[in-house]
Amino acid sequence: MQRKNHAVENHIAGYMPDNYDDGYPSRRAAEHGAAEKARQWREEGWIVRGNAQDGYIAYQDKEAMESAYSLPTYIQVIELDEPYDENACW
């Protein structure tokens, strides 16, 4: 079984991650997963900027993006200390 040492997380600035996507065996595979998540969010109407290597910043809509009171959501690839375990509690 291949080790899954990378994951895609999304979180609001200053808060714990909302969730981790399934583990990925390589950074490149995880970047593909992050790009897919960004694409899906765009299709749902989110404003998403950035790239898979550096990470994405997303706002639910233009009003949220322009508001001083709205925090962005980040989508980024992370390297895990241990292989991904779908049964672990984050």
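Preceding this section is the structure that the text describes.
Notes on the structure in this doc start here. (Residues numbered from 1 in each chain as written. Predicted model: local features only at pLDDT ≥ 70, side-chain atom pairs only at ≥ 80, totals over all residues. Heavy atoms only, no water.)

### Side note on helix H1 (residues 27-43)
1) Next: Taking 1.5 Å of rise per residue, 17 residues should cover 24 Å, and H1 covers 24 Å from first to last C-alpha, within 8% of that figure.
2) Next: Ala30, Glu31, Gly33, Ala34, Lys37, Ala38 and Trp41 are the residues of H1 that are buried. Along the long axis of H1, the arc covered by the buried residues comes to 160 degrees, so they all point the same way. Exposed positions of H1 whose direction lies more than 90 degrees from the buried face are Arg28, His32 and Glu43.
3) Next: Once H1 ends, the next one or two residues include Gly45, with phi positive near 100 degrees. (Helix = DSSP H or I, 4+ residues; strand = E, 2+ residues; numbered from the N terminus. Expected span 1.5 Å × (residues − 1). Buried < 20%, exposed > 50% of the residue type's maximum accessible area, 1.4 Å probe, protein only. Arc of directions from axis to C-beta.)

### Comments concerning the side chain of Glu31
1) Next: Looking at where Glu31 falls in the secondary structure, it is placed in helix H1.
2) Next: The exposure class assigned to Glu31 is buried, which follows from its relative accessible area of 15%.
3) Next: Among all residues touching Glu31, those that are not within four sequence positions of it are Ala52, Gln53 and Val77. (Contact = heavy atoms within 4.5 Å.)

### Topic: the sheet that holds strand S2 (residues 19-20)
1) Next: Across the sheet, 5 strands lie side by side as S2-S1-S5-S4-S3; this open sheet has antiparallel pairing. Edge positions in the sheet fall to S2 and strand S3 (47-51), since each of these pairs with one other strand and no more.
2) Next: Bridging between strand S1 (residues 6-12) and S2 involves 2 bridges; their strand directions are antiparallel. Across the sheet, residue Asn10 finds its bridge partner in S2, namely Asn19.
3) Next: Where H1 meets the sheet, it contacts S1, S2, S3, strand S4 (55-59) and strand S5 (73-79), and its direction lies at approximately 165 degrees from that of S5. (Pairing = 2+ DSSP bridges. Axes fitted to C-alpha atoms, helices over the stretch in contact; angles between N-to-C directions.)

### Topic: the pairing of S1
1) Next: Taken across its 7 residues, S1 has 6 buried, putting it largely inside the fold.
2) Next: Direction of pairing for S1 relative to S5: antiparallel, over a ladder of 7 bridges. The partner of Glu9 across the bridge, within S5, is Gln76.

### Remarks on the pattern of salt bridges
1) Next: Taken as a whole and judged by the stated rule, the model has 4 salt bridges.
2) Next: Residue Glu31 is joined to Arg27 by a salt bridge in which the shortest nitrogen-to-oxygen separation is 3.0 Å. One end of the pair is Glu31 and the other is Arg27, both in helix H1 and 4 residues apart, which spans about a single turn.
3) Next: According to the relative accessible area criterion, Arg27 is partly exposed, its value standing at 33%. (Salt bridge = Lys/Arg side-chain N within 4 Å of Asp/Glu carboxyl O.)

Read these as geometric descriptors, not functional statements.
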